[in-house]
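# Secondary and tertiary structure notes
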Amino acid sequence: MHFVKSILAALLALMTISTAHAQSLPGGFVYLRDIDPSIIQDIRYATSNNFVGRPLAGYGVGECVVKREIGLRLKAVQQELVAQNLSLKMFDCYRPARASLDMVRWSQNGQETVAERRYNPKIPKTELFRLGYIASRSQHSTGAALDLTLVDLKADNSGKYDPSKAYADCTAPVEARPPEGSVDMGTGYDCTDVKGHTAAPTVSPDQRAWRKRLVAAIARQGFVNYAKEWWHFSLPGAGGAAYDFPIPPRMK
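Report follows, based on the coordinates. Sequence positions are assigned chain by chain, starting from 1 and proceeding in written order. For this predicted model, a pLDDT threshold of at least 70 governs which residues receive local features, and a threshold of 80 or more governs which side-chain atom pairs are given and counted, while totals over whole chains, interfaces and linings are taken from all residues. Derived side-chain values reflect all non-hydrogen atoms in the structure, with water molecules and hydrogen atoms excluded from consideration.

### A few points about the layout of surface pockets
- Grid spacing is 1 Å over the protein atoms alone, the probe is 1.4 Å, and a cavity is where that probe fits but cannot get out, while a pocket is an open set with protein on both sides within 12 Å along at least five of seven lines and lining residues have an atom within 4 Å of a point. Grid points are joined across faces, edges and corners, and a volume is the space filled by probe spheres set on the points. Its boundaries defined by the atoms lining it, the largest pocket holds a volume of some 310 Å³.
- If you go around the largest pocket, you meet 22 residues; those closest to its centre are Arg 95, Tyr 133, Ile 134, Ala 135 and Glu 229.
- Sort the elements by how many residues they give to the lining of the largest pocket and strand S7 (residues 229-234) lands first, with three residues.
- A class-by-class count of the residues in the lining of the largest pocket yields ten nonpolar, seven polar and five charged. In this text, helices come from DSSP runs of H or I with a minimum length of four residues, and strands from runs of E with a minimum of two, each type numbered from the N-terminal end. Residues are grouped as follows: Ala, Val, Leu, Ile, Met, Phe, Trp, Tyr, Cys and Pro are nonpolar; Asp, Glu, Lys and Arg are charged; all remaining types, including Gly, are polar.

Okay, here's the thing in structure tokens:
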């Protein structure tokens, strides 16, 4: 009996160590789901539904990881939005530095597939870094940057991405683009086109109003928008060193 108890105790200790390892995050990072589980998450770089067409290096799971201060500010934004039957939806949060290097390698592989061109219909992917659409050293890796949108909680958001379907490019009308389960901002997420610029004059009045509403809601908590991407926001002063830890599974 003593031998059995010793084995059980050893197994329990191993499980505890394994759980702690899987749950631990460095540098004051936390899982956003632990701060506000009501914020919708669609971490696209953990899937094949992104401009690279596969999960990026370091995205072990589709979990939004943020600095605690940023998580608390997002929670405050969400509380305001929920009262308006709206919700935040996170596309990207902390990004391991190795994922940015993965993007660099992708841009230099000499190929441009039809699926990739959906995201940059007018710009060769070799130009995306020079034009400021992708950064080899991203603020996402410091924990200071976020990609997000708004969801109308009263709308039908049941549409799902079908990898076998030939969708139109990211500048096309919302009915022809891949479904994102969010309000129509005039382009899809990660659309490297002038139409994706926050103040683009070519979007409709309704789309422009949604963009302004998103920017205003986030700005009330100190976040600043990147003018070339309506979905991209950062918190001044929240950055620092870049991190490269992979995103581990969150233990429930």
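### Observations concerning the nonpolar core
- Here the nonpolar core consists of buried residues drawn from Ala, Val, Leu, Ile, Met, Phe, Trp, Tyr and Cys, with membership extended through side-chain atoms lying within 4.5 Å. Residue exposure (1.4 Å probe, protein chains only): buried if accessible area is under 20% of the type maximum, exposed if over 50%, otherwise partly exposed. Leu 74, Leu 88, Met 90, Leu 146 and Leu 148 are the most contacted members of the largest nonpolar core, which totals 54 residues.
- What makes two residues a contact is simply this: any of their non-hydrogen atoms within 4.5 Å. With sequence-adjacent residues up to four places away left out, Leu 146 is seen in contact with Val 66, Ile 70, Leu 74, Met 90, Asp 92, Cys 93, His 140, Phe 223, Trp 231, His 232 and Phe 233.

### What about the pairing of S7?
- For S7, the buried fraction is high: five of the six residues fall into the buried class.
- A pair of strands is labelled paired if DSSP reports no fewer than 2 bridges between them. Inspection of the sheet shows strand S5 (residues 145-152) paired to S7 by three bridges, in the antiparallel sense. Residue pairing across strands places Leu 146 opposite Phe 233, the latter belonging to S7.
- The pairing of strand S6 (residues 224-226) with S7 spans three bridges and is antiparallel. Bridge pairing links Asn 225 to Phe 233 in S7.
- Where S6 folds back onto S7 in an antiparallel hairpin, the turn is made up of two residues.

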